[in-house]
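Spelled out, the chains give:
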Amino acid sequence: MTRASTSISQKDRSLPAVQLNRWRAMVPGIGLLLAGLLALPGATVTTKYVNDLLVFLDGAHRIAAGQVPSVDFHTPLGPLTFYIPAVGYALSGSMGAAMPVGMSLLTLLFSFVAAEIVGSRMHWALGLPLATCLLLVLAAPANPGERIGELTFAMFYNRIGWASLGLLLVMYLCRLPGATSGKGTDAACASFLVLLMLYTKITYGVVGLAFLVFMLFDRRQIGWVTLAFGMIIVSVMAIEAVWGGGVNYLLDIRLAGKNSGGFPTMTAIGHVVRSNFVDLLAYLAVAVILLILTPTYRHLLFAGFCMTTGILLIEQNFQFFGILTLGAGAAVLSECFFRAEHGSRYARTRIALPLLVALLLLPAAAGNAASLVLHAAYSAGGRGEAIPLPAFSRIRVVEMWSPGQLDYFRRYNRTLADGAAALSQLDGGSERVAVLDFVNPFSAGLRLPPPVGDSVWYHWGRTLGPEYHPAAEEMFADVDLILDPKWPIEIWTGNGMRDVYAHYRARHYHLVRETADWRIYRKNASPARG
């Protein structure tokens, strides 16, 4: 990467459209390879955060049953968070393949957008590594910043947000001479990325919109930016006309905001800075070099935007390391330097900048590539312990670095087997079930009809709390059986839900079965008085 970047010349930057299209074809090829590794084994392997995975599968099951996110069930996550696995489930017919197939399709689609944006704006020596890194972030079943081999589809919406925002930042650059297409293509790509973020996790979408506002002040690119805003507005209106859940989506986000707290504290931001100090230092080195040699207010504002929004985003994620806007921002700033055509006296700088970009991109790319290969190998080999519910037989929990994690989920698996046996003895095959825990695994796992009006995700201190929580009258209106776990997968959530809904349960339900792991309550034949 270093030798190639030092040889960037005017001839390279004036490549005709045919040659640009030739190398841009490599990006979808990489996307196809990653999608194949993800989807072809047809199974899911996980080492941690099983409860998060079950949230998405419950949502996919509800969509397959005809429900609509934020209309028939509550969620502070965007509808695409559930439609992505729902598409995977519809195509594969397997809950075990729902997440891999859904994410493989998104990875392939993302690769075409990445090819257009990066291929038209960056030299291959910087653009191809950046595009590959973003595709790996999107495809790898791993939470950003965690160890290689900690396999999980948990919080996959954050990977979508990081990859989409990183790609959107490349549009700070003007198109290279000779690049074909124009305003319409740029506007379509930008609006796709912003809408993808808005309808998976809204915080990333807000940052994406803020970036487009910043781009309005670039007179060279105002045409496509204005058109992109128009496309986004029209798309949001059309989506709302079909979906009808936008207001409820915002209300659920507001409820989650009340429970999870307000703006980040300086202590929290300081912790993020300490955890990502090396990356921040490398990024600042790139920014300072560019600003000394090519001082402009726009470069200064762009560099600050990438760093500030990245810190704020990672602070509100369940993530401690890996501010993925830094690598994309550094690659863009380096491209700005090479376009400035500085003289040979800056030869050392022309070597240093790609090395700093590599320091930011390569660890994330290598870690995600290793996790993706491990997932493919483990899922193809049938490794691990299957979740003991019929629909989840192709979802396996494996041991990687922490034996304690596997033991914990083995205990959880035993409670699921106990609950499934109790439900079969109650002959509740057509009854709607709710669980006083982080997630309800039984509706999807046993292929039961899902209730209407409840939520797919309960998290004490995040989506509900002692003062702010969904009303019991709405949450249990369509629920026949309430399962109260003695050993919840998330103890604070289980205990909190038991407390806040105890009075309603006592009035409207009665105990019908108690096992080693569960207390099961059935709705009274007639509402209790008084």
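A short tour of the structure in this document, coming up.

Scoring rules and cut-offs
- Residues numbered from 1 in each chain as written.
- Predicted model: local features only at pLDDT ≥ 70, side-chain atom pairs only at ≥ 80, totals over all residues.
- Heavy atoms only, no water.
- Pairing = 2+ DSSP bridges.
- Helix = DSSP H or I, 4+ residues; strand = E, 2+ residues; numbered from the N terminus.
- Axes fitted to C-alpha atoms, helices over the stretch in contact; angles between N-to-C directions.
- Salt bridge = Lys/Arg side-chain N within 4 Å of Asp/Glu carboxyl O.
- Buried < 20%, exposed > 50% of the residue type's maximum accessible area, 1.4 Å probe, protein only.
- Parallel < 35°, antiparallel > 145°, perpendicular 65-115°, else oblique.
- Left-handed = near helix turned anticlockwise from the far one by under 90°.
- Contact = heavy atoms within 4.5 Å.
- Nonpolar A, V, L, I, M, F, W, Y, C, P; charged D, E, K, R; others polar.

**So, the sheet that holds strand S6 (residues 509-514)**
Ordered by their spatial adjacency, four strands build an open sheet running S4-S5-S7-S6, and the pairing between neighbours is mixed. Each edge of the open sheet is held by one strand with a lone partner, namely strand S4 (433-435) and S6. In this sheet, neighbouring strand axes are inclined to one another by 25° on average, regardless of whether the strands run parallel or antiparallel.

**Considerations on the pattern of salt bridges**
Evaluation of the coordinates by the stated rule reveals 19 salt bridges. Asp-186 is the partner of Arg-121 in a salt bridge, and the nearest nitrogen-oxygen pair spans 3.0 Å. Of this pair, Arg-121 sits in helix H7 (residues 95-121) while Asp-186 sits in helix H10 (residues 183-198), and the two are 65 residues apart along the sequence. The class for Asp-186 is buried, based on a relative accessible area of 4%. The closest approach of N and O atoms between Asp-218 and Arg-298, which form a salt bridge, is 3.4 Å. Of the two residues, Asp-218 is situated in the loop between helix H11 (202-215) and helix H12 (222-243) and Arg-298 in helix H16 (residues 297-315); the sequence distance between them amounts to 80 residues. Bridged by salt links that share partners, the residues Lys-48, Glu-146, Arg-147 and Glu-150 form one connected network.

**Here's the deal with the pairing of strand S5 (residues 481-485)**
Among the five residues in S5, five count as buried, and that is most of the element. Burial along S5 is two-sided: the residues Leu-481, Leu-483 and Pro-485 and Ile-482 and Asp-484 are all buried. Relative to S5, S4 is paired through three bridges, and the arrangement is parallel. Within S5, the position partnered with Val-435 by the bridge is Leu-483.

**A closer look at the packing of helix H6 (residues 80-92) against H7**
At their nearest, the axes of H6 and H7 sit 6 Å apart, and the two run at 115° to each other. Taken together, the axis directions place H6 and H7 in an arrangement best described as roughly perpendicular. At the point where H6 passes H7, the crossing takes the right-handed sense. Of H7, the residues touching H6 (which contributes Ile-84, Pro-85, Val-87, Gly-88, Tyr-89, Leu-91 and Ser-92) are Met-95, Ala-97, Ala-98, Met-99, Val-101, Gly-102, Met-103, Leu-105 and Leu-106. Residues belonging to the contact of H6 with H7 are distributed by class as follows: 13 nonpolar, three polar and no charged.

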